[in-house]
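Observations on chain architecture
Take a look at the letters that make up each chain.
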Amino acid sequence: MSVYFTQIACLQCGQSLPPDLNLLRCPACGSPWLDARYDYAAVAQQWPSVVASRDRSLWRYAELLPLAAPVETITMGEGYTSLTRLYAYETLYNHQPIFVKDERQGPTSSFKDRQAALAVMALHQAGIHECVLASTGNAGAAYAAYCARAGIKLWLFLTSLVPSEKMREAALYGAEVVKVSGTYDETKHVAAEFAQRKGIHLDGGAKAVPGKEAMKTLAFEIAEQLGLKLRQDGRWQAPDWYIQAVSGGIGPLGVWKGFSELHQMGLIDHMPKLGIIQAAGCAPMVQAFAAGKEQADPVIPRTLITVLATGDPGYSYPQLRQAVLSNGGVMRAIEDGATFEAMRRLASKTGFSVEPATAVAFAGLEAMLQDKTIQPGEVVVVNCSGHTFTAESHILGDQYVHDLQLSVNGKSPRTQDGLDAAIRILDEQVTTILLVDDNPADRRLVKRLLHRYKQYRVSEASNGAEALKIIREEPPDLVITDLTMPEMDGFTLLETLKQHPGTAHIPVVVASAKTLSETDARLLESYDASVWTKGGETGTRQLVEYVAGALGHFLPKESSPHKTVTAEVIAAAKPRVVIIEDNPLERRLARRLLESDGSFQVIEAVDGREGLKAIFEHRPDLVILDLMLPEMDGLTVLQALQGDEYLREIPVIVVSAKELTQAERDQLRSHTHSVMEKGAFDREEFLYVVHNILG
Ligand SMILES: Cc1ncc(COP(=O)(O)O)c(C=O)c1O
Ligand SMILES: [Zn+2]
């Protein structure tokens, strides 16, 4: 820690807290909005002279950073990017000087590298090995790179609109990429839920100390570089304008803080004005500012510039509003079309190729020059915030992303159930199972049945030796292995796994056609392996159910371990039917009909919400659904099932007391297998339909 880092202030209640980088919330008011404070008087005695001779990275400003020095194994020399004159624009708009802070020069080509460097080093120092981040793309790539260097596992939540090149880039760095079909604000929400449920650290973004502290180095560099370029007296200089494309606002918040510190220390003689530029399709700050509002109303983003898609800026807005009001800056919006024109103009006239999000700032600059918001002679600095490289699709294939669908048919469910279900499915998707079997047909059967139940990630090996190699590279959550295999058999594989501390904890399920001797059975038991006898489709289905249960994914607790699949057990695997019906009489009738027949296992639910939960938990073979239900009606249940690529396969019989119109019947028929009206309910017909569906 820097010795000058003296305290943390809570931005919400003003409480003064100890300088602890691991602090996530203010203990007094619970706010996550924390801000680092330093011994400015002491630093002012040394700056700027001590800085001049130091390394060209953001670490030259270590006194005013929470970490005194970079972690050598993690740093990539981040920061100290060029400040370059934009001569062509100066001529074009008859204004000078215009400078570009070229943040494309960061290790992953955006200004988020600063934030990632500092945040990841802070995680590393706190001994944190896993982190969750929601991002519109560039912070994701930056964190992925720095996490790779630090050996930290990154769970990166991106909206499905983020270009696949950016997702691939992050995946290339080894991040677990989760693609969320929803807005960025929903993506942040789902990431936070995921982090909380899994007990993984969630990056605090603009709220937390590392982010703003990293971004303020932009201000320090600009002041130092402008001093060198525009003055002869060795002093630093603030620009008159700092212009940036803004989404969540961490950049301008940090930069404003940096200039404020320099001003407070007497190192610059004025504060710059902020030019906050947003994409018109997602401009909650601009709208609120124009309306004179102290809080911004969230918007649903309608812009092609996905990087700038923060619809709800939260507490960033009032802080930036204050900054703009205090010094005469602007907030303004730019239409996408104007942005793309500016992007082409900038590249062709100046040689700066930037991404659309960055071009928003340049389009803003052009507009401000044209309408004379920028006065003659004012010194302008634009943040050239990013330009990412693209990872070729053939490098990673199409398996680099987990697809999390929050919305159904373009409409977001926004319910807790939708979110629960989505996170549950994600949990399945990130669970890895290794299948070890020399018989490809057996592997295929297990894989197919696994995928029918759950969306687990499945890798395969054809013998023990191959399996060991895979396990050492990327330990799976569970191994299913055959016993008799060439090269290395299942016993040796188990023994090797159990001997090594890194792999001893991995649960192993043995699935073998071999009849076990007493000794073999005891040996396997001593290894804590569950043993299943391979038994065709039904036996394998039981195995798969057990595996899902062992992994803790929402199967009834009674699935018992250490079970050999015998003929009787197989026979007991009756198809499961979930009945969702609020009327107890009707429910009992349906249950009795199904059970009297002797071939079904029945699960009851009394309202739509419970019904949906039962379907997720039990993955039934059939659903009997009433339409008029408390909590959540039958149509909503149907819609939720339709939105899930696995659940939509489950046949549904709708039983309704309501007289249905032909149109309603038609509509239902497109989603369901059968519609029965209670008035005309016929037991024979009901059983006939059920048997027909379940074959
Ligand atoms: C290239 C680029 N420009 C601008 C922004 C907006 O930055 P801020 O988070 O400071 O609002 C981002 C944010 O991701 C970005 O990646
Ligand atoms: Zn507080």
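If you're wondering where the values come from, they're calculated on a predicted model, not measured in any experiment.

What to know about the packing of aromatic side chains
Each aromatic ring pair is described using two quantities: the centre-to-centre distance and the angle formed by the ring planes. As enumerated under the stated definition, the model contains 13 aromatic pairs in all. A centroid spacing of 6.2 Å and a plane angle of 90° characterise the contact between Tyr-61 and Trp-236, whose relative ring orientation is edge-to-face. Of this pair, Tyr-61 sits in the loop between helix H1 (40-44) and strand E4 (83-85) while Trp-236 sits in the loop between helix H7 (209-230) and strand E10 (241-245); the two residues are 175 residues apart in sequence, bridging distant segments of the chain. Pair check on accessibility: Tyr-61 and Trp-236 agree, each one buried.

Considering the coordination of the zinc ion (ligand 2)
Ideal geometry at a metal centre: 109.5 degrees between donors when four sit tetrahedrally, and 90 or 180 degrees when six sit octahedrally. Every protein donor of the zinc ion (ligand 2) is accounted for by Cys-10 (SG), Cys-13 (SG), Cys-26 (SG) and Cys-29 (SG), and the metal-donor separations fall at 2.3 to 2.4 Å. In this structure, the zinc ion (ligand 2) is coordinated by 4 donor atoms arranged in tetrahedral fashion, with angles at the metal of 104 to 115°. The motif formed by the donor residues of the zinc ion (ligand 2), counted along the single chain, is C-x2-C-x12-C-x2-C. By relative accessible area, Cys-26 is classed as buried at 2%.

Structural notes on the pattern of salt bridges
Between side chains of opposite charge, a pair can form as their charged atoms come close. For the structure shown, the criterion picks out 29 salt bridges. As a salt-bridge pair, Asp-102 and Arg-104 come within 2.9 Å of each other at their nearest N and O atoms. As a salt-bridge pair, Glu-261 and Lys-216 come within 2.9 Å of each other at their nearest N and O atoms. Here Glu-261, found in helix H8 (residues 250-264), pairs with Lys-216, found in helix H7; they are 45 residues apart in sequence, far enough to count as distant.

As for the site of ligand 1
Surrounding ligand 1, one finds 20 residues, the nearest of these being Asn-138, Ser-247, Gly-249, Gly-251 and Ser-385. In the model, an oxygen atom of ligand 1 is placed 2.6 Å from a nitrogen or oxygen of the Ser-247 main chain. Contact between ligand 1 and Gly-249: an oxygen atom at 2.7 Å from a main-chain N or O atom of the residue. Contributing elements (two or more residues each) for the shell around ligand 1: E10, H8 and helix H12 (356-370). The leading source of residues in the shell around ligand 1 is H8, at 3 residues. Taken together, the residues of the shell around ligand 1 break down into 8 nonpolar, 10 polar and 2 charged. Mapped onto the domain boundaries, the shell around ligand 1 takes at least three residues apiece from domain 1 (78-110 + 208-384) and domain 2 (112-207 + 391-421).

A word on the sheet that holds strand E23 (residues 652-656)
Pairing within the open sheet is parallel, and its 5 strands lie in the order E21-E20-E22-E23-E24. Because the sheet does not close on itself, it has two edges, and the strands there are strand E21 (601-605) and strand E24 (674-677). Ignoring which end each strand starts from, the neighbouring axes of this sheet average 20° apart. Direction of pairing for strand E20 (residues 576-580) relative to E21: parallel, over a ladder of 5 bridges. Across the sheet, the residue bridging to Val-578 is Ile-603, located in E21. Of the strands in this sheet, E20, E21 and strand E22 (622-626) are in contact with helix H22 (residues 608-618), which crosses E20 at around 170°.

Calculation criteria
- Residues numbered from 1 in each chain as written.
- Chains lettered and ligands numbered in written order.
- Predicted model: local features only at pLDDT ≥ 70, side-chain atom pairs only at ≥ 80, totals over all residues.
- Heavy atoms only, no water.
- Phe/Tyr/Trp six-rings, centres within 6.5 Å; stacked < 30°, edge-to-face > 60°.
- Helix = DSSP H or I, 4+ residues; strand = E, 2+ residues; numbered from the N terminus.
- Buried < 20%, exposed > 50% of the residue type's maximum accessible area, 1.4 Å probe, protein only.
- Donors = N, O, S within 2.8 Å, 3.2 Å for Na, K, Ca; no water.
- Tetrahedral: all angles 85-135°; square planar, octahedral: opposite > 155°, others 65-115°.
- Salt bridge = Lys/Arg side-chain N within 4 Å of Asp/Glu carboxyl O.
- Near = heavy atom within 4 Å.
- Polar contact = N/O pair within 3.5 Å; in protein donor to acceptor, adjacent residues only side chain to side chain.
- Nonpolar A, V, L, I, M, F, W, Y, C, P; charged D, E, K, R; others polar.
- Domains from an automatic or database assignment.
- Pairing = 2+ DSSP bridges.
- Axes fitted to C-alpha atoms, helices over the stretch in contact; angles between N-to-C directions.
- Contact = heavy atoms within 4.5 Å.

Honestly, it's all geometry; don't read function into it.
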